[in-house]
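Commentary on secondary and tertiary structure
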Amino acid sequence: LTQESLFVFDPSDEGEESFLKRDEIIDAINKLTPVPEYAKSLQVLITPDSEKCIRDIIEDLQKELEQGMLDSEKGDIVLDKLKCMHELKRLDSDFVNQIVDNAIHRPLRAA
């Protein structure tokens, strides 16, 4: 850490002389540059191994989705598999979103 990125203060303003006062720390925080596109800066890094695992999971879900769509009595299974696929989109990854969308729409086009 650098001195410029470290703030030492006592919230009751009774700290050492070198400590910032409450008003000073609030002012310093307000002057910080906001992080642009906060959500994108915390995006999950997907390694090649992770990518393969995610592809395998989605492929298995997609096969079960296709099978469920062929059997009118398996509506609950279809809904469950769609929910599982959408849960993967919580990773907020363009890669995951694309393969999930492709897997979902592939059987829907074939049905």
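This text follows the structure it describes.
The notes below deal with the structure included here. If you're wondering where the values come from, they're calculated on a predicted model, not measured in any experiment.

Definitions and cut-offs
Residues numbered from 1 in each chain as written. Predicted model: local features only at pLDDT ≥ 70, side-chain atom pairs only at ≥ 80, totals over all residues. Heavy atoms only, no water. Helix = DSSP H or I, 4+ residues; strand = E, 2+ residues; numbered from the N terminus. Contact = heavy atoms within 4.5 Å. Buried < 20%, exposed > 50% of the residue type's maximum accessible area, 1.4 Å probe, protein only. Axes fitted to C-alpha atoms, helices over the stretch in contact; angles between N-to-C directions. Parallel < 35°, antiparallel > 145°, perpendicular 65-115°, else oblique. Left-handed = near helix turned anticlockwise from the far one by under 90°. Nonpolar A, V, L, I, M, F, W, Y, C, P; charged D, E, K, R; others polar. Salt bridge = Lys/Arg side-chain N within 4 Å of Asp/Glu carboxyl O.

A short note on the environment of Gly 68
Its place among the elements puts Gly 68 in helix 3 (residues 48–70). Among residues more than four places away in sequence, those in contact with Gly 68 are Lys 74 and Val 78.

Quick notes on the side chain of Lys 81
Note on placement: Lys 81 falls in helix 4 (residues 75–88). Using a relative accessible area of 13% as the deciding quantity, one classes Lys 81 as buried. If sequence neighbours within four positions are ignored, Lys 81 has contacts with Leu 61, Glu 64 and Leu 65.

Looking at the packing of helix 3 against helix 4
Closest axis-to-axis distance for the helix 3/helix 4 pair is 9 Å, and the angle between their directions is 155°. In this view, helix 3 runs roughly antiparallel relative to helix 4, as classed from their interaxial angle. As helix 3 packs across helix 4, the resulting crossing turns out to be left-handed. Across the interface between the two elements, Ile 57, Ile 58, Leu 61, Gln 62, Glu 64, Leu 65, Gly 68 and Met 69 from helix 3 touch Val 78, Lys 81, Leu 82, Cys 84, Met 85 and Leu 88 from helix 4. Per-class residue counts for the contact of helix 3 with helix 4 are 10 nonpolar, 2 polar and 2 charged.

Some details on the pattern of salt bridges
Counted according to the given criterion, the structure contains 8 salt bridges. For Asp 101, the salt bridge identified is with Lys 89, shortest N-O distance 2.8 Å. Highlighted residues: Asp 101 in helix 5 (residues 94–110) and Lys 89 in the loop between helix 4 and helix 5, separated in sequence by 12 residues. A relative accessible area of 25% places Lys 89 in the partly exposed class.

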